[in-house]
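# Chain and residue survey
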Amino acid sequence: MSRWQDLIRDVADFPRPGILFKDITPVLADADGFEEAVEAMAEPWRGMALDAVIGVESRGFILGAALARALGTGFVPVRKPGKLPGATLTAEYALEYGSDRLQIRTDALPPGARVIVVDDVLATGGTLRAAVALAQRQGAHVLGAAVLVELGFLQARDRWDAALPLRAAATF
Ligand code: 5GP
């Protein structure tokens with residue numbers, strides 16, 4: 001296992017009883033760990049013509065912005081409702097209990113911009129699927145999605161578009 005993976009901390013019963021939360025903040029706090037983690041995320045996309053990385057609020061901002069710099073692209077935020085100025089598109093998606101929404105600016109990127117969508121952790125996959133759908137509705141050409149950590153036992157890939165590359169730097 002890479003050293004950066006050893007820095008991921010398991011937190012029991014967070015944010016609710018029964019959930020084993022993967023805390024990635026110790027990876028971010030470690031200079032070498034952060035660099036290795038971003039490089040592991042960047043590696044599958046190197047050499048591809050990309051215009052932007054789209055990052056999901058909020059840990060997707062941290063990794064997405066670092067990845068954008070590593071790949072030499074722009075960065076576009078997908079945010080929780082009411083945070084972005086100007087005209088936005090909204091996607092609603094189901095959670096275990098209830099639903100949530102994400103937004104992107106309608107003019108975030110020119111039509112056909114080549115992008116990847118980034119978040120920290122893939123759990124059930126609902127968040128990343130919603131962010132991809134938003135980017136596509138905005139007019140971007142989504143080439144794939146990247147996460148630092150995939151929680152494989154939640155089987156998000158069963159509900160993922162098999163034609164869209166989904167790359168995880170680590171799977172637990
Ligand atoms: P999903 O929509 O795939 O069920 O959940 C993914 C979203 O919830 C991501 O935005 C991610 O930040 C957050 N998330 C879910 N489980 C975890 C976890 O164990 N660790 C971290 N850091 N984030 C999680």
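Residues numbered from 1 in each chain as written. Predicted model: local features only at pLDDT ≥ 70, side-chain atom pairs only at ≥ 80, totals over all residues. Heavy atoms only, no water.

## Re the pattern of salt bridges
Counting across every chain of the model gives eight salt bridges. Salt-bridge contacts for Arg105 lead to Asp107; the nearest nitrogen and oxygen are separated by 2.8 Å. Close ionic contact of Arg157 with Glu150 constitutes a salt bridge, the shortest N to O distance being 2.9 Å. (Salt bridge = Lys/Arg side-chain N within 4 Å of Asp/Glu carboxyl O.)

## So, the nonpolar core
Most often, soluble globular proteins have nonpolar side chains that are buried together. Core analysis: the largest hydrophobic core is formed by 29 residues, its most contacted members being Ile54, Leu102, Leu109, Val115, Val117 and Leu128. A per-element tally of this core places helix H5 (residues 126-138) first, with six residues. If we ignore the near neighbours within four places in the chain, the residues touching Leu102 are Val56, Val78, Arg79, Lys80, Leu89, Thr90, Ala91, Tyr93, Thr127, Ala130, Ala131 and Leu134. The next biggest cluster of nonpolar side chains, apart from the first, holds 24 residues, and it includes Ala42, Leu63, Ala68 and Val149. (Core = buried A, V, L, I, M, F, W, Y, C linked by side-chain atoms within 4.5 Å. Buried < 20%, exposed > 50% of the residue type's maximum accessible area, 1.4 Å probe, protein only. Helix = DSSP H or I, 4+ residues; strand = E, 2+ residues; numbered from the N terminus. Contact = heavy atoms within 4.5 Å.)

## Here we look at the site of the ligand
Around the ligand sit Phe21, Lys22, Arg59, Asp119, Asp120, Val121, Ala123, Thr124, Gly125, Gly126 and Thr127, and that is every residue in its neighbourhood. Contact with the protein chains covers 83% of the free accessible surface of the ligand, which is 500 Å². Taking a 2 Å distance to the grid points as the criterion, the majority of the atoms of the ligand fall inside the largest pocket. Secondary-structure elements contributing two or more residues to the shell around the ligand are strand E2 (20-23), strand E7 (114-122) and H5. Per-element tally for the shell around the ligand: the top contributor is E7, with three residues. Looking at the shell around the ligand residue by residue, the class counts come to three nonpolar, four polar and four charged. (Near = heavy atom within 4 Å. Areas by Shrake-Rupley, 256 points an atom, 1.4 Å probe, with all protein chains shown as cover. 1 Å grid on protein atoms, 1.4 Å probe; cavity = no way out; pocket = protein on both sides within 12 Å on 5 of 7 lines; lining within 4 Å. Sits in = over half its atoms within 2 Å of the grid points. Nonpolar A, V, L, I, M, F, W, Y, C, P; charged D, E, K, R; others polar.)

## Details of the packing of helix H3 (residues 31-42) against helix H4 (residues 59-71)
It is at 9 Å that the axes of H3 and H4 come closest, and there the two elements cross at 70 degrees. Considered as vectors, H3 and H4 are oriented roughly perpendicular to each other. When H3 is examined against H4, the residues Phe34, Val38, Met41 and Ala42 are found in contact with a partner set consisting of Ile62, Leu63, Ala66, Leu67, Ala70 and Leu71. Looking at the contact of H3 with H4 residue by residue, the class counts come to 10 nonpolar, no polar and no charged. (Axes fitted to C-alpha atoms, helices over the stretch in contact; angles between N-to-C directions. Parallel < 35°, antiparallel > 145°, perpendicular 65-115°, else oblique.)

## Some thoughts on the UniProt feature "domain: Phosphoribosyltransferase" (unreviewed entry) in the chain
As annotated in UniProt, the feature "domain: Phosphoribosyltransferase" (unreviewed entry) corresponds to residues 51-150 in the numbering used here. Summarising residues 51-150: 26% helix, 43% strand, and an end-to-end C-alpha distance of 25 Å. (UniProt positions renumbered as here; feature names shortened; annotations may be inferred.)

## Describing the layout of surface pockets
The space that makes up the largest pocket amounts to roughly 1100 Å³. Surrounding the largest pocket, 33 residues form its lining, Phe21, Arg59, Leu95, Ala123 and Thr127 being those nearest its centre. Secondary structure elements with two or more residues in the lining of the largest pocket: E2, strand E5 (88-94), strand E6 (99-105), E7 and H5. For the lining of the largest pocket, the per-class residue count stands at 18 nonpolar, six polar and nine charged. (Points joined across faces, edges and corners; volume = space filled by probe spheres on them.)

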